[in-house]
Every structure is written in structure tokens, then in C-alpha cells.
Amino acid sequence: METAIIKERQTRKFKDVAYFRSEETYTLLPFRFHRMPDGREILVNEIGDYMVVPSGTTARIINREINNNDPEDAVLYEDLVAAFFIAEQAVPDLLEVMATRYRTKKSFLDSFTSLHIFVISLRCEHTCHYCQVSRVTSDKNKFDMSRVHIDAGIDMMMRSPARQLTMEFQGGEALLAFDNIIYAVEKAKVAGEQHNKQITYVICTNLAPLTDDMLVYCKENNILISTSLDGPVYVHDKNRHKPDASSYRLAVDGIHRCREILGEENVSALTTTTRLSLDYPIEIVDEYVALGFRNIFLRPISPYGFATKSVNKNKYETSRFLEFYKTALQRIIRHNLDGYFIREDYTAIILKKLLTPFPVGYVDLQSPAGLINSVIVFNYDGAIYASDEARMLAEMKDFTFRLGTLGETSYEEVFYGEKAQIISEAMLNESLPGCSECAFQSYCGADPVFNYATQGDMYGFRPDNAFCQRNMELIQYIITLMEDDKQVEKIFRSWITGKS
Ligand code: SF4
């Protein structure tokens with residue numbers, strides 16, 4: 001028995017270098033594979049190129065059975081060489097090319113933290129059952145960010161090596177503290193000039209408190225608006241409850257006013273998928289089309305904050321979300337086929353990873369993970385968190401991902417301190433159990449906060465991890481759609497080029 005276990009373990013060790021080289025045939029380059037339910041295999045190499053091949057091909061490649069001189073294998077052989085799965089020389093001439101492509105894919109790391117989220121107030125006039133933060137309705141002094149903390153947050157933001165910064169104002173409802181936003185923007189403009197930074201400003205808002213004066217200020221300062229729209233009125237108003245008013249009407253009216261004054265491209269909307277939303281994938285997509293949107297971002301509900309308190313309304317199986325997502329995606333493809341360009345943003349992010357050599361620094365889907373090295377959050381009370389999800393967790397009184405306090409903790413301690421080092425050990429999917437062998441590693445990411453919130457530790461357990469289940473299924477689904485229908489591939493390519 002013991003011998004059998006030792007043998008089993010030995011098979012998981014790297015083979016001797018001679019195994020990968022061959023004088024007679026070809027050299028194997030690093031790649032992984034995934035078997036699809038229909039038997040086909042997806043091969044993915046270290047730099048994110050992929051090929052879909054018939055069942056059994058992986059074994060044939062590894063056993064060196066692909067024969068260049070066999071007419072049936074000739075095309076496959078050429079494709080494998082061209083896409084860096086095998087090489088004709090022991091050390092391929094193109095090693096430098098591969099290294100450059102790998103560095104390019106990871107170059108989102110070059111500028112370090114660019115997104116700085118300021119939770120400018122925790123106050124809110126909505127009472128959404130899925131709200132990820134615990135909103136409060138009064139006591140401006142207690143729940144608005146103090147000017148001392150705003151100043152300290154701007155100072156820390158200026159320490160970032162990134163030249164291009166994004167300063168995002170969140171709440172609660174950020175517009176309730178618009179005086180704070182003006183103060184922060186004016187301060188950041190001066191500091192940005194001194195430190196040679198280009199700053200993009202974004203306000204995340206439900207648009208209910210929007211006034212014309214606010215819009216004029218946003219226009220003058222190139223401030224972008226990001227809002228929430230969960231679908232038609234009967235979904236949105238149930239998800240996003242506002243006492244004595246229709247949140248949907250206020251949001252739609254606000255979107256029109258923003259477009260009119262700021263321009264269509266400067267206002268975007270996000271959906272949150274609640275249990276109610278799951279019944280309306282087509283209606284939600286159609287609502288976005290009816291309102292003239294050219295993109296939609298279908299997001300599952302986050303397992304944090306108030307969302308976990310209303311379990312009946314918010315908890316659902318990943319399989320139900322996937323069913324919803326696929327139906328919605330089919331509807332979006334249908335609209336494109338009918339001549340209306342509309343893109344689903346999560347699919348577009350994955351497509352960019354699949355089809356281009358460019359870096360994709362989307363914080364929820366990158367390795368190393370986006371927290372700390374791409375995003376940092378300054379909470380209304382001055383606490384500093386590793387990500388937006390980390391501060392939502394803190395609203396549940398779990399401060400695992402709290403990195404310090406504005407004005408008290410140094411830049412070095414926040415970004416390179418002991419806490420950041422501990423978290424960073426779980427930030428690379430290249431070294432996480434399960435992910436390290438996964439074919440989809442270069443398209444996926446690592447999410448220590450999600451793992452911790454749902455499974456109790458930052459590393460997570462892949463076989464029943466919802467982040468893993470969602471991404472594995474969606475990546476496979478997107479590849480299958482492109483493989484099986486060239487019209488869909490054409491549409492998908494238009495989503496990353498922006499050309500229909
Ligand atoms: S989370 Fe899952 S799909 Fe993503 S890389 Fe890890 S094992 Fe693969």
C-alpha cells in the first residue's frame with residue numbers, strides 16, 4: 001500500500017529534462033489542457049494561446065506521435081509549432097519572443113496601484129436588500145469622510161508609482177457628500193499637477209440626489225458617472241428599494257440627464273444579479289438595449305455585507321447564475337446578429353485575454369490578484385482596505401484585510417508591510433492548489449478575499465469554489481461558442497476592437 005502511494009507521488013514530480021527534449025521528433029513546450037464535456041480538448045500554453053483539438057490529441061502530442069510527414073497531421077503539427085506548444089529545436093529560437101509576450105501579459109503590474117477608492121460617505125437614502133455596505137441615513141459628521149482623511153488619502157495616492165490614476169468616489173450614496181467630492185477633486189487636481197499625475201475621476205451613484213449643479217461641476221472636471229441599473233422597473237425597484245419613490249425612474253431620468261450634459265460615453269451602468277433577476281435574463285438585456293446602452297456588465301451578487309443578511313433574496317447556486325448568464329449572453333449575441341452592437345463586459349474581458357497579447361488589468365480577474373497592487377480603498381472612517389470587497393467584509397466586523405489607517409500608517413507599511421505580504425502569498429493562481437495545473441490559469445485570476453469570505457481561508461478549495469466554478473464554466477463556454485459558430489466569433493472579435 002505504502003509503495004503504491006510513493007509511486008503515485010512520484011508520478012506528480014517533474015520528469016527529467018530529457019523527457020521534454022527529443023533528437024528525433026520535437027521538444028515539448030509548457031502547456032496545460034482541459035477536456036470539454038464533448039471530448040474535445042483545449043490546449044493552453046504559458047503565454048495564453050489556445051487551440052481546440054480532437055479527443056486524444058494531448059496524449060498524442062506528449063507521446064510524440066504527431067508526425068510532420070503524415071498528411072493527416074501536417075496542419076496540426078504546423079499549428080502546434082506556430083502557437084508555441086512544441087518546438088523543432090531543443091531550445092527554440094523564439095524563446096525571447098515567448099519571454100517578451102509573457103512580460104507583456106503581466107505588464108499591468110508595471111505601474112502598481114492605480115485605482116484609489118474613496119468611500120466619501122456611508123450615508124444613503126436607498127434601502128437595497130443586497131447593499132454590500134451597511135448604509136446609514138443620518139449623522140453626517142460620523143459617517144462622512146473627514147477632510148483630514150481625504151488629505152491623507154490624496155497624499156498616499158500621490159505616492160503611487162502609477163502616472164495614470166483613477167480616483168473613484170463611492171458610498172453609501174456618494175452624491176450625498178458632494179461638498180466632500182468637490183473638496184477632494186480640487187485638492188487632487190493641485191497635487192496631481194505637482195506630482196505629474198493624470199487623474200480620472202469617477203463617481204459611483206444611484207443618481208437619485210443628482211442636481212444640475214452637480215452635473216455642471218462633473219462636466220467642467222471631466223468626472224465620469226457609474227450607476228446601477230438592474231433591469232426593467234419591476235426588477236430594479238424590487239432590488240433597489242427607495243422609500244416613497246421609484247429608484248428605477250430616478251436612475252433612468254438621471255442617465256438621460258448625464259448623457260445630455262456629459263456625453264453618452266461618460267455614463268455607464270452595472271447590473272447586480274439577485275435571485276429575482278435570475279428569472280429575467282432576456283428582459284434585463286432588452287432593457288439595456290431599449291435605453292440605448294452599448295454595453296452591459298452582468299455581475300453575480302457579492303457574498304458580503306447586507307447581501308448575506310437577506311439570504312432568501314440573495315443566495316443562489318452558481319449553476320443558476322451560469323444558466324442566467326448564458327441565456328442573457330445568447331440574447332446579447334442575438335441583438336448583435338440583428339445589427340445592434342452591444343457588448344457584455346465580463347465576456348469581453350475574457351475575450352481580450354483569449355484573443356490578444358495585451359495585458360488585461362481587471363482587478364477581479366488577474367494574477368497576481370488586483371487587491372493592493374491595482375486597487376486600494378480608503379474608507380469613510382480613515383481605515384485602509386485591500387479592496388472594495390475587503391471593506392465590505394469589515395462591515396461584517398471582520399478586519400482581516402484592513403491594512404492601516406489614513407494619517408497613521410505609512411505608505412510602506414500599507415503596501416509592503418506584514419499584512420500585505422501575508423495576503424500576497426495567496427494572490428497568484430500560478431501557485432494555488434488546483435489553479436497551478438488548470439488550463440485556464442492565464443485567463444482567470446486569484447481572489448483571496450472571496451476565498452476567505454466563502455471558504456474560510458485565503459487559498460480556497462477549488463472543487464467547490466464558486467469563483468472557480470463560474471470562471472471555468474464561462475471560459476469554456478466562450479471558447480465553445482467561438483469554435484462552433486464563426487459568426488459568433490466575428491461578433492466577439494468586434495467586442496474587443498470596438499468595431500462592428
Ligand atoms: S480558479 Fe478555477 S478556473 Fe480559475 S485558474 Fe483556478 S482552477 Fe482554473
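All values reported here derive from a predicted model rather than from experimental measurement. (Residues numbered from 1 in each chain as written. Predicted model: local features only at pLDDT ≥ 70, side-chain atom pairs only at ≥ 80, totals over all residues. Heavy atoms only, no water.)

Participant: Any details on a nonpolar patch on the surface? Residues and values, ideally.
Facilitator: A surface patch of nonpolar side chains, about 350 Å² in accessible area, is lined by F14, Y19 and F20. Along the chain, F20 falls in helix α2 (residues 17-20). The class for F20 is partly exposed, based on a relative accessible area of 31%. (Patch = residues over 30% accessible without salt bridge, like charges linked within 9 Å, V, L, I, M, F, W, Y side chains within 5 Å. Areas by Shrake-Rupley, 256 points an atom, 1.4 Å probe, with all protein chains shown as cover. Salt bridge = Lys/Arg side-chain N within 4 Å of Asp/Glu carboxyl O. Helix = DSSP H or I, 4+ residues; strand = E, 2+ residues; numbered from the N terminus. Buried < 20%, exposed > 50% of the residue type's maximum accessible area, 1.4 Å probe, protein only.)

Participant: I'd love a proper account of the pattern of salt bridges, names of residues and values included.
Facilitator: Under the counting rule described, the total for this entry stands at 22 salt bridges. When the shortest N-O distance is used, the salt bridge between D212 and R257 registers 3.3 Å. On the criterion of sequence distance, the pair formed by D212 in helix α9 (residues 212-220) and R257 in helix α11 (residues 247-262) is long-range, its members being 45 residues apart. Given a relative accessible area of 47%, D212 falls into the partly exposed group.

Participant: Kindly report on helix α7 (residues 147-158), identifying the contributing residues and their values.
Facilitator: The end-to-end C-alpha separation of α7 is 17 Å, in line with the 16 Å expected for twelve residues at 1.5 Å each. Every buried residue of α7 is accounted for by H149, I150, A152, G153, I154, M156, M157 and M158. (Expected span 1.5 Å × (residues − 1).)

Participant: Could you give an account of α11, naming the residues involved and the relevant values?
Facilitator: Look at α11: 21 Å from first C-alpha to last across 16 residues, which is about the 22 Å you get at 1.5 Å a residue. Restricting attention to buried positions, one finds in α11 the residues S247, Y248, A251, V252, G254, I255, C258, R259 and L262. The buried residues of α11 occupy an angular sector of 160° when the element is viewed end-on, so they sit on one face. Exposed side chains of α11 directed beyond 90 degrees from the buried face belong to R249 and E260. The positive-phi residue at the C-terminal boundary of α11 is G263, with phi of around 100°. (Arc of directions from axis to C-beta.)

Participant: If you had to explain the pairing of strand β3 (residues 41-45) to someone new, which residues and values would you point to?
Facilitator: Counting buried positions over the five residues of β3 gives five, a clear majority of the element. Of the two faces of β3, the one holding E41, L43 and N45 and the one holding I42 and V44 are both buried throughout. Relative to β3, strand β2 (residues 31-35) is paired through five bridges, and the arrangement is antiparallel. If you follow F33 over to β3, its bridge partner there is L43. Taking the residues between adjacent antiparallel strands as the criterion, β2 and β3 are bridged by five residues, where G39 takes a positive phi near 100°. Note that β3 and strand β4 (residues 50-53) share four bridges and pair antiparallel. Directly across from E41, in β4, lies its bridge partner V53. Between β3 and β4, which follow one another and run antiparallel, lie four residues, and G48 among them has a positive phi close to 85°. (Pairing = 2+ DSSP bridges.)

Participant: Residue-level account of the sheet that holds β4, with values.
Facilitator: Ordered by their spatial adjacency, three strands build an open sheet running β2-β3-β4, and the pairing between neighbours is antiparallel. Pairing within the sheet leaves two strands with one partner each, and these edge strands are β2 and β4. When strand polarity is set aside, the average angle formed by the axes of neighbouring strands in this sheet is 20°. In the packing of helix α20 (residues 466-484) onto the sheet, contacts are made with β2, β3 and β4, and the angle to β4 comes to roughly 70°. (Axes fitted to C-alpha atoms, helices over the stretch in contact; angles between N-to-C directions. Contact = heavy atoms within 4.5 Å.)

Participant: Requested: an account of the site of the ligand, with residues and values cited.
Facilitator: Near the ligand you find N429, C435, C438, Q441, C444, R462, C468 and M472, and these make up its full shell. When grouped by side-chain class, the residues that make up the shell around the ligand number five nonpolar, two polar and one charged. (Near = heavy atom within 4 Å. Nonpolar A, V, L, I, M, F, W, Y, C, P; charged D, E, K, R; others polar.)

Participant: So what's going on with the packing of α7 against helix α8 (residues 178-195)? Residues and values would help.
Facilitator: Where α7 contacts α8, the two axes come as close as 10 Å, and the packing angle between them is 30°. Taken as axis vectors, α7 and α8 run roughly parallel relative to one another. Like other packed secondary-structure pairs, α7 and α8 cross with a definite hand, here right-handed. Seen from α7, the contacting residues are R147, I150, D151, I154, M157 and M158; seen from α8, they are D179, N180, Y183, A184, K187, A188, A191, G192 and H195. In terms of residue class, the contact of α7 with α8 is made up of eight nonpolar, three polar and four charged. (Parallel < 35°, antiparallel > 145°, perpendicular 65-115°, else oblique. Left-handed = near helix turned anticlockwise from the far one by under 90°.)

Participant: Tell me about the packing of aromatic side chains, and please be specific about residues and values.
Facilitator: A complete count under the given rule lists 20 aromatic pairs for this structure. Here F178 and Y217 contribute two aromatic rings whose centre-to-centre distance is 5.9 Å and whose plane-to-plane angle is 85°, an arrangement assigned as edge-to-face. A residue pair is termed long-range when its members are at least 10 positions apart, and F178 in helix α8 and Y217 in helix α9 qualify at 39 residues. Exposure class is identical for F178 and Y217. Each is buried. Between F297 and Y362, the ring centres sit 6.0 Å apart and the planes meet at 40°, which makes this aromatic pair tilted. (Phe/Tyr/Trp six-rings, centres within 6.5 Å; stacked < 30°, edge-to-face > 60°.)

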